[in-house]
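A closer look at the structure
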Amino acid sequence: MASTLCNYLPEVLCRFPEIDDTVMRVARKSIDDSFKGFVRAYGNVIDAVTHPLQLFLNWLEALFVNTPWFIFLAAMVLIVYLTSRNMRIVAITVIGMLFIGFVGLWEDTMITLAIVTVSTLLAIVIGIPIGIMMARSDRAQSLVNPILDVMQTLPSFVYLIPVVMVFGIGKVPGVIAVVIYAVPPMIRLTNLGIRLVDREVLEAADAFGSSPSQKLMNVQIPLALPTVMAGINQTIMMSLAMVVVASMIGVGGLGKNVLQAISNQFLTIGFLNGFALVAIAIIFDRASQAYGKRLQRHTEVVHG
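Residues numbered from 1 in each chain as written. Predicted model: local features only at pLDDT ≥ 70, side-chain atom pairs only at ≥ 80, totals over all residues. Heavy atoms only, no water.

1. Side note on the confidence of the model for the protein
Averaged over all residues, the pLDDT of the protein is 86; the fraction at 70 or higher stands at 96%. Mean pLDDT per element in the protein: helix H1 (residues 2–6) is the minimum at 67, and helix H5 (residues 87–102) is the maximum at 93. (pLDDT = per-residue confidence, 0-100. Helix = DSSP H or I, 4+ residues; strand = E, 2+ residues; numbered from the N terminus.)

2. Points about the pattern of salt bridges
Summed over all chains, the structure comprises 6 salt bridges. Of the charged contacts in the structure, one is a salt bridge between Lys171 and Glu61, with a shortest N-O distance of 2.6 Å. In this pair, Lys171 sits in helix H9 (residues 171–195) while Glu61 sits in helix H3 (residues 21–66), placing the two residues 110 residues apart along the sequence. Assessed through its relative accessible area of 23%, Lys171 is described here as partly exposed. The closest approach of N and O atoms between Lys215 and Asp206, which form a salt bridge, is 3.1 Å. Overall, the relative accessible area of 41% leaves Asp206 in the partly exposed class. (Salt bridge = Lys/Arg side-chain N within 4 Å of Asp/Glu carboxyl O. Buried < 20%, exposed > 50% of the residue type's maximum accessible area, 1.4 Å probe, protein only.)

3. Looking at the packing of aromatic side chains
Within this structure, the stated rule accounts for 6 aromatic pairs. Between Phe72 and Trp106 the ring centres are 6.1 Å apart and the planes differ by 85°, which places this aromatic pair in the edge-to-face class. On the criterion of sequence distance, the pair formed by Phe72 in helix H4 (residues 69–84) and Trp106 in helix H6 (residues 106–136) is long-range, its members being 34 residues apart. Here Phe72 matches Trp106 in class, with each residue buried. The rings of Phe64, Phe72 and Trp106 are connected pair by pair, giving a single aromatic cluster. (Phe/Tyr/Trp six-rings, centres within 6.5 Å; stacked < 30°, edge-to-face > 60°.)

4. Let's talk about the side chain of Ser119
Mapped onto the fold, Ser119 is located in helix H6. Taking the relative accessible area as the measure of exposure, Ser119 reaches 1% and is therefore buried. For Ser119, the residues in contact, after removing those within four places along its chain, are Val175, Val178, Val179 and Ser239. (Contact = heavy atoms within 4.5 Å.)

5. Comments concerning H5
With 16 residues, H5 extends 22 Å between its outermost C-alpha atoms, agreeing within 8% with the 22 Å of an ideal straight helix rising 1.5 Å per residue. Residues of H5 that are buried include every one of Ile89, Val90, Thr93, Gly96, Met97 and Ile100, and no others. Down the axis of H5, the buried side of the element spans an arc of 130°, and every buried residue falls inside it. Of the exposed residues in H5, the ones pointing more than 90 degrees away from its buried face are Met87, Arg88, Ile95 and Phe102. Where H5 starts, the residue carrying a side-chain oxygen 2.8 Å from the main-chain nitrogen of Arg88 turns out to be Asn86. Remark: Gly104 follows H5 within two positions and exhibits a positive phi of approximately 80°. (Expected span 1.5 Å × (residues − 1). Arc of directions from axis to C-beta. Polar contact = N/O pair within 3.5 Å; in protein donor to acceptor, adjacent residues only side chain to side chain.)

6. Details of the side chain of Asn233
Mapped onto the secondary structure, Asn233 falls in helix H11 (residues 212–246). What Asn233 contacts, discounting residues up to four positions off in sequence, is Phe284, Asp285, Ser288 and Gln289.

7. Regarding a nonpolar patch on the surface
On the surface, a cluster of nonpolar side chains totalling about 550 Å² of accessible area is made up of Phe99, Leu267, Phe271, Phe275, Val278 and Ile282. Along the chain, Ile282 turns up in helix H13 (residues 267–303). (Patch = residues over 30% accessible without salt bridge, like charges linked within 9 Å, V, L, I, M, F, W, Y side chains within 5 Å. Areas by Shrake-Rupley, 256 points an atom, 1.4 Å probe, with all protein chains shown as cover.)

8. Digging into the environment of Thr153
Looking at the secondary structure, you find Thr153 in helix H7 (residues 138–153). Residue classification places Thr153 among the exposed residues on the basis of a relative accessible area of 61%. Within the structure, the side chain of Thr153 is placed 2.8 Å from the backbone oxygen of Asp149, a separation counted as a polar contact.

9. With respect to unusual backbone geometry
Peptide bonds are, in most cases, trans, and in most cases residues other than glycine have a negative phi. At Arg85, a position not held by glycine, the phi torsion is positive, near 55°. Along the polypeptide, Arg85 turns up in the loop between H4 and H5.

10. What about the packing of H6 against helix H12 (residues 254–264)?
In the contact formed by H6 and H12, the axes pass within 7 Å of each other and the chain directions differ by 115°. Along the contact surface, H6 presents Asp108, Thr109 and Thr112, while H12 presents Leu254, Gly255 and Asn257. Of the residues belonging to the contact of H6 with H12, the class tally is 1 nonpolar, 4 polar and 1 charged. (Axes fitted to C-alpha atoms, helices over the stretch in contact; angles between N-to-C directions. Nonpolar A, V, L, I, M, F, W, Y, C, P; charged D, E, K, R; others polar.)

Structure (structure tokens):
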């Protein structure tokens, strides 16, 4: 019926008016050539900027991989206990890490942990200042929010295209892709946490003559810490999710194994590596949530 109707209508009403193929081809070629030209012109600068990140990632990965398993496990258990103060979460940590070791994925897990650690640290360093800037300026928030919306809705595979064009293939480009994917919740929740600080508390700080920086460091950030911890929690979860996608551009660890399992249809290997990622995610999630709840109780006691 639609085709019959189109016999009586102008073509412009039946076929959506598209931009001419030649124009689109020229536009795409111009954009791609400009991007490639920029990379060729500033390739040495890009390499110099990312070199410290490469060194830090290599050092941390070597530290995790070469540390005897029982020492690393003991250190991890201690960190989890200090953050959560919950023996149940400590038991989950021990069981999860022992499972990972028993199925032969210890070294790959250490590589993944190094990548997630570096990515999370970078996301925190980038996200908290931007979140603070958004909290202190409505104009900054209105400018940054649309960018965050695009970053959170853009398919994760799309991030790999410009990253590979600029930085090439390797672990550092993978880390950069993970950071880009995982940083939005860190920014949003830092902004939200600071904006949710009680106005009466801020007025009291003003009454005592606090400068804006003193008010930020001594009042707003401490009271916003539970929300900021929620942002860190989400950043870690998104980093673990993106590690699998980033394995397509040279990131090793568990993500690489999952990608190989998909390519070769190895069901058992895929599930074992998937369960290892789930175990790490559960450990980080439970420990960070418990720490956030402890911070929340502390602020309620002190300021409530």
